[in-house]
Amino acid sequence: MIPPLNSPTDRISAGCALVATIIGAVTIVGWFTGIEALASVRAHYIPMAPSTGLAFALLGFAIIVRSSGGLWRFACLLCAGIVALVATAKLIEFFAGVSFGLEELLVADPAMFGAVRKGRMAPMTALSFLLATISLFCVMRPKWRRWAGGVATLVAAISVVVILGYLHGTPLLYGGNIIPVALPTAVAFLLIGSSLISAAGVECWPLLPLTNSSARSVLLRWFLPVVVAGTILNGYLRTRLLDESHLNPALISALSTLGFMIVISAIISQVARIVGGRIDRAEAERNLAQAELKALNADLERRILERTRELQAKNEQMQEELTMARELQLALLPTHFPTVPKSAFDQDSAIRFFTFYYPTGSVSGDFFDVFSVSEMSVGVFICDVMGHGVRSALVTSMMRALLEQHRGKASDPGELLTRINRGLVSILKSTETTMFATSFVLIADLERSELTFANAGHPSPLHIRKSECRTVPLAVKGTSGPALGMFDGATYRTARSEMSVGDMIMLFTDGLFEVENAEAELFSQEQLLNTVQERCTLPPEKLFAGVLAEIRRFTGRYEFEDDVCLVGIEVARLPEAVSARALVS
């Protein structure tokens, strides 16, 4: 089935090919009926050869059915192949001086036309057929399609040259030994060339620069046909009309020039109207777009200004709230420490405390508390909540509340951590939040000269034994448990260690030692222990100051990257009651 002709170029292509096919068919009818006038326009013009008419009929049919599939496509290729074969054979005959006898099958002994025989295909005709079949094959192959228009234009140009010869009264090759191209043949080739140009489509040259919407295309569409037609008409008037009429040549020239000027002026006016209208519309659209953009920018600037003010107000409010939260968090940290015994003045207490607290943000995830357990014992609770900022600070508030709730179990550090863990897991589970905290609880009992402690995934404190000038981690193998808030059923064991007068215990969070220098080297716990060991004979204040100075020297920065909490305990002396009992024993 022949596909429908949807696009204008397809319809033009099919129409031109159909007219060329009809011209070829009429020529064949004229030869076989003896009516030679059907093959030529005038009696003294050479007629189209029957082989040429047959080639036009086959080629026109092939162009019409080119887009079909199946047998139609095969028929197209077969017809085009036959035309190309006949044209090639004719060119070989002309250049080699041989005869394959193909045309003799149609017209055995035609009459003479001057020095050449009628009924024989002209070499120029054979060349045009060969070019036309090449163009058709390019049209049918997408990757070669861009060449089809150029080849077809060459076919049309050859036919125009021949037609102009007839129009000027001097047909090409007439009176020579080479068969000239008949006028119907030239007209049919002009139709075939136009058909193939249309078949190549507007995406290919020469239609591409003529069919888009640019000003260049508009000018080409208006001026090119007029210039071509005017040139042809001017030549025709000068070569034919003046020869056949007795009019004054100057008058004819003036009238033709005036007519051409009128036509050109009308075209220029129309083109100016079209192009000028486009420019005016483009200018109006540009001005409208600029006005809209200006209004949009003004509105955008206003919105940005309003939004900036809102954000500034909210930031200021948030900063005020964070400042208040920081002040509240600092206020919850102990500023006055218990004495041993309870009734002693601060300067007479057997135990002294030293602290360093450095939050990296407005609020911190580190927390510590110091509380009295009995007349002769005090406790220290230190914790480090995962992460930084407000979330961690909220969890420290929970930890403080749980510590206050279960402080009655402070004499048993393991039981205290177990209860705090159970409460924290319950709270976090209800909020569907994944958080955890490391913690360490230490009880210093001067009556027994004993330290009891429990560890929930926290860095082990350092026990500085001044009498031996030795620093060791405060840890007992197998007694450390998991971080708080992770496992509901976790239990924590209480461990014990001896203490003596002059001993110091340093509790800290991991922000103190998990720091890097410019070379990305980590200040390890072992380096921290060695740093403390080197200063074990110093007073607590100088020892703490020296350790912090060494860490800052290592990193090259004064600030810490993580929250830091440092609590120191010094056994300054034994209470008198304890000393007396020790002497009696």
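That block above? That's the structure.
Summarised in this report is the structure supplied together with it. Only a predicted model underlies this, so the values are computations on that prediction, with no experimental measurement involved.

Looking only at helices and strands, the protein features 14 helices and twelve strands. With the model as given, the accessible surface of the protein reaches about 30600 Å², and the carbon-plus-sulfur share is 62%.

Time to look at the pattern of salt bridges. One pass over the full model with this rule turns up 23 salt bridges. Among the salt bridges present, the one from glutamate 404 reaches arginine 407, with a minimum N-O distance of 3.0 Å. The salt bridge involving arginine 553 is made with glutamate 550; its shortest N-O contact spans 2.7 Å. Placement of both arginine 553 and glutamate 550 in helix α13 (residues 540-555) is noted, with a separation of three residues, approximately one turn of the helix. The class for arginine 553 is exposed, based on a relative accessible area of 56%. Through salt bridges with shared partners, one network takes in Asp299, Arg302, Arg303 and Glu306.

Another point: the packing of helix α1 (residues 8-33) against helix α2 (residues 50-64). At a closest axis distance of 7 Å, the pairing of α1 and α2 adopts a crossing angle of 155 degrees. By the criterion of interaxial angle, the relationship of α1 to α2 is roughly antiparallel. As α1 packs across α2, the resulting crossing turns out to be left-handed. Residues Ser13, Ala14, Ala17, Leu18, Ala20, Thr21, Gly24, Ala25, Thr27, Ile28 and Trp31 of α1 lie in contact with α2, whose contacting residues are Pro50, Gly53, Leu54, Phe56, Ala57, Gly60, Phe61, Ile63 and Ile64.

It is worth spelling out the sheet that holds strand β7 (residues 450-456) at this point. Sheets are built from strands that pair by backbone hydrogen bonding, the pairs being arranged parallel or antiparallel. The five strands lie next to each other as β4-β5-β6-β7-β10, forming an open sheet whose pairing is antiparallel. Looking at strand neighbours, the two that pair on one side only are β4 (366-374) and β10 (495-498), the edges of this open sheet. Going from strand to strand, the sheet's axes swing by 20 degrees on average, the running direction of each strand aside. Two strands pair when backbone bridges link them, and strand β5 (residues 377-385) and strand β6 (residues 437-445) are joined in this way by nine bridges, in the antiparallel orientation. Among the inter-strand pairings, valine 378 is bridged to a residue of β6, identified as alanine 444. Running over the sheet, helix α10 (residues 389-405) touches β4, β5 and β6 and is turned about 10 degrees from β4.

The grouping of Phe32, Leu54, Ile92, Val98, Phe100, Leu102, Leu105 and Leu106 at the surface amounts to a nonpolar patch, some 770 Å² of accessible area in total. Position of phenylalanine 100 relative to the elements: it lies in the loop between α3 (71-96) and β1 (112-113).

What follows concerns the environment of alanine 444. Its location among the elements puts alanine 444 in strand β6. When its relative accessible area of 3% is taken as the criterion, alanine 444 is described as buried. With 127 residues separating them along the chain, alanine 444 and valine 571 place their C-alpha atoms 9.0 Å apart. For alanine 444, the contacting residues outside a window of four places in its chain are Ile351, Met376, Ser377, Val378, Glu450, Leu451 and Met499.

Turning our eyes to something else, we now look at the nonpolar core. A general feature of soluble globular proteins is that nonpolar side chains tend to end up buried together. Formed by 52 residues in total, the largest nonpolar core has its most connected members in Phe368, Phe381, Met399, Leu442 and Leu507. Aside from chain neighbours lying at most four places away, what touches phenylalanine 381 is Phe367, Phe368, Asp369, Phe371, Met399, Leu403, Leu417, Ile420, Ser439, Phe440 and Val441. One finds Val116, Ala152, Ile179 and Ile192 within the second-largest nonpolar core, a separate group that totals 47 residues.

Here we take up the sheet that holds strand β3 (residues 351-358). Strand order in the open sheet formed by five strands is β3-β12-β11-β8-β9, with antiparallel pairing between adjacent strands. Single-partner strands in this sheet number two, and they are β3 and β9 (470-473). Going across the sheet, the axis of each strand differs from the next one's by a mean of 15 degrees, ignoring polarity. For strand β8 (residues 462-465) and strand β11 (residues 504-508), the ladder comprises three bridges, and the chain directions are antiparallel. Each bridged residue has a counterpart across the sheet, and for histidine 463 the counterpart in β11 is isoleucine 505. Together, β8, β9 and β11 form the strand contacts of helix α12 (residues 525-534), whose direction differs from that of β9 by roughly 150 degrees.

Before going further, it helps to examine helix α5 (residues 145-167). Here α5 contains 23 residues, and its C-alpha end-to-end distance of 34 Å stays within 8% of the 33 Å for a straight helix at 1.5 Å per residue. Listing the buried residues of α5 in full gives Ala148, Gly149, Val151, Ala152, Val155, Ala156, Ile158, Ser159, Val162, Ile163, Gly165 and Tyr166. Note on α5: the residue one or two positions beyond its end, glycine 169, has a positive phi of about 80 degrees.

Let's shift gears to the state of the cysteines. Taken as a whole and assessed by the stated rule, the structure comprises one disulfide. In this model cysteine 469 forms its disulfide with cysteine 536; the gap between the sulfur atoms is 2.5 Å. A residue pair is termed long-range when its members are at least 10 positions apart, and cysteine 469 in the loop between β8 and β9 and cysteine 536 in the loop between α12 and α13 qualify at 67 residues. The buried category is assigned to cysteine 536, whose relative accessible area is 1%.

The next thing to look at is the packing of aromatic side chains. Aromatic ring pairs are defined here through the distance separating the ring centres and the angle between the ring planes. The final tally for this structure, using the stated rule, is 16 aromatic pairs. A centroid spacing of 4.8 Å and a plane angle of 65 degrees characterise the contact between tyrosine 45 and tyrosine 166, whose relative ring orientation is edge-to-face. Taken together, the residues tyrosine 45 in the loop between α1 and α2 and tyrosine 166 in helix α5 connect sequence positions 121 residues apart. With relative accessibility at 9%, the residue tyrosine 45 sits in the buried group. Cation over ring: arginine 141 sits above tryptophan 144, and NZ or CZ is 4.9 Å from the ring centre. Of note, arginine 552 hangs over the ring of tyrosine 558, and the distance from its end group to the ring centre comes to 3.8 Å.

Of note, the amide linkage connecting tryptophan 205 to proline 206 takes the cis form, showing an omega dihedral of 10 degrees. Among the secondary structure elements, proline 206 is positioned in the loop between α6 (183-200) and α7 (208-211). Cis geometry marks the peptide bond from valine 340 to proline 341, where omega comes out at -5 degrees. One non-glycine residue, leucine 173, lies in the positive phi region at around 70 degrees. Checked against the element boundaries, leucine 173 lands in the loop between α5 and α6. For leucine 173, a relative accessible area of 41% gives the class partly exposed. A positive phi angle is found at serine 449, which is not glycine, with a value near 50 degrees. Within the secondary structure layout, serine 449 lies in the loop between β6 and β7.

Cut-offs and rules
Counting of residues starts from 1 at the beginning of each chain's written sequence and follows it residue by residue. It should be noted that, the model being predicted, local features are given only for residues of pLDDT at least 70 and side-chain atom pairs only at 80 or more, the latter also being counted only at that level, while totals for whole chains, interfaces and linings use all residues. Calculation of side-chain values draws on the structure's entire complement of heavy atoms; hydrogens and water are dropped beforehand. A helix here means a DSSP run of H or I that spans at least four residues, while a strand means a run of E at least two residues long, and both kinds are numbered starting from the N terminus. In this description, accessible areas are obtained by the Shrake-Rupley approach with a 1.4 Å probe, and a residue is regarded as covered only by the protein chains that are shown. By definition here, a salt bridge exists when the distance from a side-chain nitrogen of Lys or Arg to a carboxyl oxygen of Asp or Glu is within 4 Å. Exposed residues in this analysis have more than 50% of their type's maximum accessible area, buried residues have under 20%, and partly exposed residues fall in between, with area computed by a 1.4 Å probe over protein chains only. Note on geometry: axes are C-alpha line fits, over the in-contact stretch for helices, and angles between N-to-C directions span 0 to 180 degrees. The scheme is simple: roughly parallel for angles under 35 degrees, roughly antiparallel for over 145, roughly perpendicular for 65 to 115, oblique for anything else. Two helices cross in a left-handed way if the nearer one is turned anticlockwise from the farther one by less than a right angle. They cross in a right-handed way if the turn is clockwise. Throughout, a residue-residue contact means that at least one pair of heavy atoms, one from each residue, lies within 4.5 Å. Two strands qualify as a pair provided that DSSP identifies no fewer than 2 bridges between them. Any residue with relative accessible area above 30% and no salt bridge may belong to a patch, with like charges joined within 9 Å and the nonpolar Val, Leu, Ile, Met, Phe, Trp and Tyr side chains within 5 Å. Among buried residues, those of type Ala, Val, Leu, Ile, Met, Phe, Trp, Tyr and Cys that are joined through side-chain atoms within 4.5 Å constitute a nonpolar core. Under the convention used throughout, the expected extent of a helix is 1.5 Å for every residue step, that is, one less than its residue count. A pair of cysteine sulfur atoms is labelled a disulfide when the two atoms are within 2.5 Å. In this analysis, rings of Phe, Tyr and Trp, with Trp reduced to its six-membered ring, are considered paired at centre separations within 6.5 Å, and the interplanar angle assigns stacked below 30 degrees, edge-to-face beyond 60, and tilted for intermediate values. For a Lys NZ or an Arg CZ to count as sitting over a ring, it must be within 6 Å of the ring centre and within 35 degrees of the ring normal.

In short, the description is geometric, and any link to function would need to be established separately.
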